[in-house]
Amino acid sequence: MLTENTLETLRSLKLHGMAQALEHQRETPDTHALAFEERFGLLVDRERLYRHNGRYRGLLRKARLKVAQACVEDISYKPGRGLEKSQIAALADGAWIERGQNLLITGPTGSGKTWIACALAHQACRQGLQGRYWRVPRLFEEIRTAHGDGSYLKLLKRLAKAPVLILDDWGLIGLSTQDRADLLEILDDRLNVRSTVLCSQLPVDKWHAYLGEPTLADAILDRLVHHSHRIELRTGGDSLRKSLGLSNAPPSPAAPPEAKPRK
C-alpha cells in the first residue's frame, strides 16, 4: 500500500519516469539487493531520460519535417552521390548550429536534398534543438497572408527563433520585390545566431541571377553564402525519391528511435 501511495504521488508531481522506474524495481528482484543510493540513482536517471525523450518527441513534432523518419544513420553514401561521410559526421556533431552557420544543399531532382536536410534537423532535435521545415512557396504564401492580417511581425519572430530553419525548393518560384525584402528580413534576424538550411536544384552560382535585383541579391547572398557549409549532390543513378517510394505520396509517419541524452 505504501508503494502504491508513493507511485500516485510521483504521478501527481508529473515524475512519470521515476514512477515507471519504481514499478520496474518492484517487479525486478535483482534490484532489491542494491543500496538505497543506487536504487534512487536509477530512479533519477529514468526521470531524466523520460524528460529528454519527451522533449525530443515534442521538438520533432513541431519541426514538421517532410521526411520525419530521416536520420543521419540511414544516409546513403553510394558512389556517385558526391557525399562524404566525414562531412555528414561533422555536421551531425551540431557545432555548426551552435555557431549559427548555414548549410546549402544543391543537386538535381531526386538526389536526396530534402532527406539530408531533414536528417540533420532530426539530429538537432535529438540534441535538444528546435528545427522547422518550410517549402519556400508555402512560406511566402504564409508571409503574404501575415502582411494582410497583421501577424507579420509575429511570424518573423517565430522564424527567427528556430535554431535550424530549412527552406526547401529554393528557386522553384519567382520572387517579387516584397518577397525578396521579406527574405532579407528573415535572414538578417538569423545572421550568425541561427542556422538556415537551403535546398535547391539551382547551383549556388546561379542564385544571384535568380534573385534578380542586384542590391537585394547582394544583401541576401551575403547573409546566406559566407561562412556556410555546402553539399553538392548528384543522383548517382536512379532518383532516390523513386527508390524510397516517395514519388507519388508523402512518407507515412514512423515512430522515431528513442533518444539518448547527449554526453
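Residues numbered from 1 in each chain as written. Predicted model: local features only at pLDDT ≥ 70, side-chain atom pairs only at ≥ 80, totals over all residues. Heavy atoms only, no water.

A. Seen up close, the overall build of the chain. Counting its secondary structure elements, the chain contains twelve helices and five strands. Each of the 263 residues in the chain was classed as buried or not, and the buried ones make up 44%. Taking as baseline every contact in the chain between residues at least 6 positions apart, the subset at least 24 positions apart corresponds to 81%. Surface summary for the chain: the accessible area is close to 14500 Å², and the carbon and sulfur share equals 53%. (Helix = DSSP H or I, 4+ residues; strand = E, 2+ residues; numbered from the N terminus. Buried < 20%, exposed > 50% of the residue type's maximum accessible area, 1.4 Å probe, protein only. Contact = heavy atoms within 4.5 Å. Areas by Shrake-Rupley, 256 points an atom, 1.4 Å probe, with all protein chains shown as cover.)

B. The arrangement of the packing of helix 7 (residues 136–149) against helix 9 (residues 177–190) in detail. Packing of helix 7 against helix 9 leaves a shortest axis separation of 11 Å and a crossing angle of 95 degrees. In terms of orientation, helix 7 and helix 9 fall into the roughly perpendicular class. Contact residues: helix 7 offers Leu139, Phe140, Ile143, Arg144 and His147, while helix 9 offers Gln178, Asp179, Asp182, Leu183 and Ile186. Considered class by class, the residues forming the contact of helix 7 with helix 9 number five nonpolar, two polar and three charged. (Axes fitted to C-alpha atoms, helices over the stretch in contact; angles between N-to-C directions. Parallel < 35°, antiparallel > 145°, perpendicular 65-115°, else oblique. Nonpolar A, V, L, I, M, F, W, Y, C, P; charged D, E, K, R; others polar.)

C. Seen up close, the sheet that holds strand 1 (residues 102–106). Taken in spatial order, the five strands line up as 2-3-4-1-5 in an open sheet, and their pairing is parallel. Two strands close off the open sheet at either side, each with one partner strand: strand 2 (131–135) and strand 5 (228–232). Strand-to-strand twist of the sheet, defined as the mean angle between neighbouring strand axes without regard to direction, takes the value 15 degrees. The sheet contact formed by strand 1 and strand 5 spans five bridges and is parallel. Looking at the pairing, leucine 103 lines up with histidine 229 of strand 5. Its contacts with the sheet put helix 4 (residues 85–92) on strand 1 and strand 5, and the angle it makes with strand 5 is roughly 140 degrees. Sheet contacts for helix 11 (residues 214–224): strand 1, strand 4 (195–200) and strand 5; angle to strand 1, the most-contacted strand, approximately 105 degrees. (Pairing = 2+ DSSP bridges.)

D. Inspection of helix 8 (residues 152–161) at higher detail. Among the residues of helix 8, those classed as buried are Tyr152, Leu155, Leu156, Leu159 and Ala160. With its buried residues spanning 135 degrees around the axis, helix 8 presents them on a single face. Across helix 8 from its buried face, at more than 90 degrees, point the exposed residues Lys154, Lys157 and Lys161. For helix 8, the secondary structure elements touched by its buried residues are strand 2, helix 7, strand 3 (164–170) and helix 9. (Arc of directions from axis to C-beta.)

E. View of the nonpolar core. Within the largest apolar cluster, 33 residues are counted, with the highest numbers of intra-cluster contacts made by Ile105, Ile116, Ile166, Val197 and Ile231. The set of elements that each furnish at least two residues to this core consists of helix 3 (36–63), helix 4, helix 5 (95–98), strand 1, helix 6 (113–126), strand 3 and strand 4. The biggest single contributor to this core is helix 6, with nine residues. Those residues within four positions of isoleucine 166 in sequence are excluded, and the remaining contacts are Leu65, Ala117, Cys118, Ala121, Arg132, Tyr133, Trp134, Val197 and Cys199. In terms of nonpolar packing, the next biggest core, distinct from the first, is built from 31 residues, Phe140, Leu155, Ile186 and Tyr210 among them. (Core = buried A, V, L, I, M, F, W, Y, C linked by side-chain atoms within 4.5 Å.)

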